[in-house]
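# Fold and geometry: a report
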Amino acid sequence: MAEQTHVLFVEDDDVIREATQLALERDGFAVTAMPDGLSGLEAFRADRPDIALLDVMVPGLDGVSLCRRIRDESTVPVIMLSARADSIDVVLGLEAGADDYVTKPFDGAVLVARIRAVLRRFGHAAGARAASGAAEADGAVLTFGDLEIDTEGMEVRRAGAPVALTPTEMRLLLEFSTAPGTVLSRDKLLERVWDYGWGGDTRVVDVHVQRLRAKIGQDRIETVRGFGYKLKG
């Protein structure tokens with residue numbers, strides 16, 4: 001990477017925190033590691049990291065609550081770390097605004113790959129427009145009813161009012177907008193938006209679609225049972 005990426009890592013287990021910090025630093029990341037949610041929030045506000053890794057179960061301020069606090073102030077990417085893949089905390093973390101999650105125990109190489117995939121969506125390794133593949137014409141504005149998507153300025157308006165989307169939500173919307181009326185499966189969206197080259201947890205897609213609907217209109221994205229989702233033209 002041309003510039004060192006700053007990672008905020010919040011984890012209360014000393015062994016996991018120290019080992020993961022060393023592994024990330026070996027891969028070229030600058031890491032601020034904190035043992036609890038309150039110190040993590042202070043570090044976030046002081047350092048403004050490029051990405052946050054938050055363990056769900058940390059003392060003081062749990063990871064889900066910390067994610068909400070971060071999301072209130074920033075669109076910085078957030079990855080939740082959970083000890084159980086089937087935990088309700090995974091969904092709660094995604095609903096709080098997390099972009100992805102990794103199940104513990106995790107392989108260091110897998111964690112780094114997920115971090116880099118999330119950062120690509122945020123323009124650290126490639127521009128959001130190039131990554132999305134949406135609307136090649138400069139200044140193109142796509143219109144769907146009262147929804148306007150400026151694919152050059154990466155801005156969205158609904159009935160003339162600006163809509164604040166996280167970069168992951170924006171990339172998801174761009175995928176839908178390139179093929180309105182076409183059903184996109186959850187697996188296809190995982191591949192295109194989350195850069196999963198393998199089967200992942202489709203809850204990530206479902207929760208992000210719910211969040212996107214809440215912002216652009218509940219009826220704008222239609223569920224096609226057994227197949228996936230499509231954007232109404």
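Described below are features of the structure shown in this document. (Residues numbered from 1 in each chain as written. Predicted model: local features only at pLDDT ≥ 70, side-chain atom pairs only at ≥ 80, totals over all residues. Heavy atoms only, no water.)

### Details of helix H5 (residues 108-121)
Taking 1.5 Å of rise per residue, 14 residues should cover 20 Å, and H5 covers 20 Å from first to last C-alpha, within 8% of that figure. Burial in H5 covers these residues: Leu111, Val112, Arg114, Ile115, Ala117, Val118, Leu119 and Arg121. (Helix = DSSP H or I, 4+ residues; strand = E, 2+ residues; numbered from the N terminus. Expected span 1.5 Å × (residues − 1). Buried < 20%, exposed > 50% of the residue type's maximum accessible area, 1.4 Å probe, protein only.)

### Topic: the sheet that holds strand E6 (residues 141-144)
Remark on secondary structure: sheet strands pair via backbone hydrogen bonds, oriented parallel or antiparallel. Pairing in this open sheet of four strands is antiparallel, and the strands run E6-E7-E8-E9 from one edge to the other. A single partner strand is all that each edge strand has here, and the edge strands are E6 and strand E9 (161-163). Going across the sheet, the axis of each strand differs from the next one's by a mean of 25°, ignoring polarity. In this structure, E6 lies alongside strand E7 (residues 147-150), joined through four bridges in antiparallel fashion. Directly across from Val141, in E7, lies its bridge partner Asp150. (Pairing = 2+ DSSP bridges. Axes fitted to C-alpha atoms, helices over the stretch in contact; angles between N-to-C directions.)

### Here's the deal with the pattern of salt bridges
All told, the structure shown has 16 salt bridges when counted by the stated rule. Of the charged contacts in the structure, one is a salt bridge between Arg171 and Asp195, with a shortest N-O distance of 3.5 Å. Of this pair, Arg171 sits in helix H7 (residues 167-177) while Asp195 sits in the loop between helix H8 (186-193) and helix H9 (203-216), placing them 24 residues apart in sequence. Arg192 is the partner of Glu175 in a salt bridge, and the nearest nitrogen-oxygen pair spans 3.6 Å. (Salt bridge = Lys/Arg side-chain N within 4 Å of Asp/Glu carboxyl O.)

### Quick notes on the nonpolar core
Leu54, Met80 and Phe176 are the most contacted members of the largest nonpolar core, which has 49 residues in total. Per-element accounting of this core gives the leading share, six residues, to H9. Those residues in contact with Met80, other than ones at most four positions away along the chain, are Leu54, Val56, Gly63, Val64, Cys67, Gly93, Ala98, Asp100, Tyr101 and Val102. One finds Val7, Ile79, Leu111 and Ile115 within the second-largest nonpolar core, a separate group that totals 16 residues. (Core = buried A, V, L, I, M, F, W, Y, C linked by side-chain atoms within 4.5 Å. Contact = heavy atoms within 4.5 Å.)

### Let's talk about the pairing of strand E3 (residues 51-55)
Of all five residues that make up E3, five are buried, and the element is covered over most of its length. Residues Ile51, Leu53 and Asp55 of E3 are buried on one face, and the alternating residues Ala52 and Leu54, pointing to the opposite face, are buried as well. The sheet contact formed by E3 and strand E4 (residues 78-82) spans four bridges and is parallel. Its bridge partner lying in E4, Leu54 is registered against Met80. Between the parallel elements E3 and E4, the chain passes through helix H3 (residues 63-73) in a crossover that is right-handed. (Right-handed = clockwise from strand over helix to strand, strands pointing away.)

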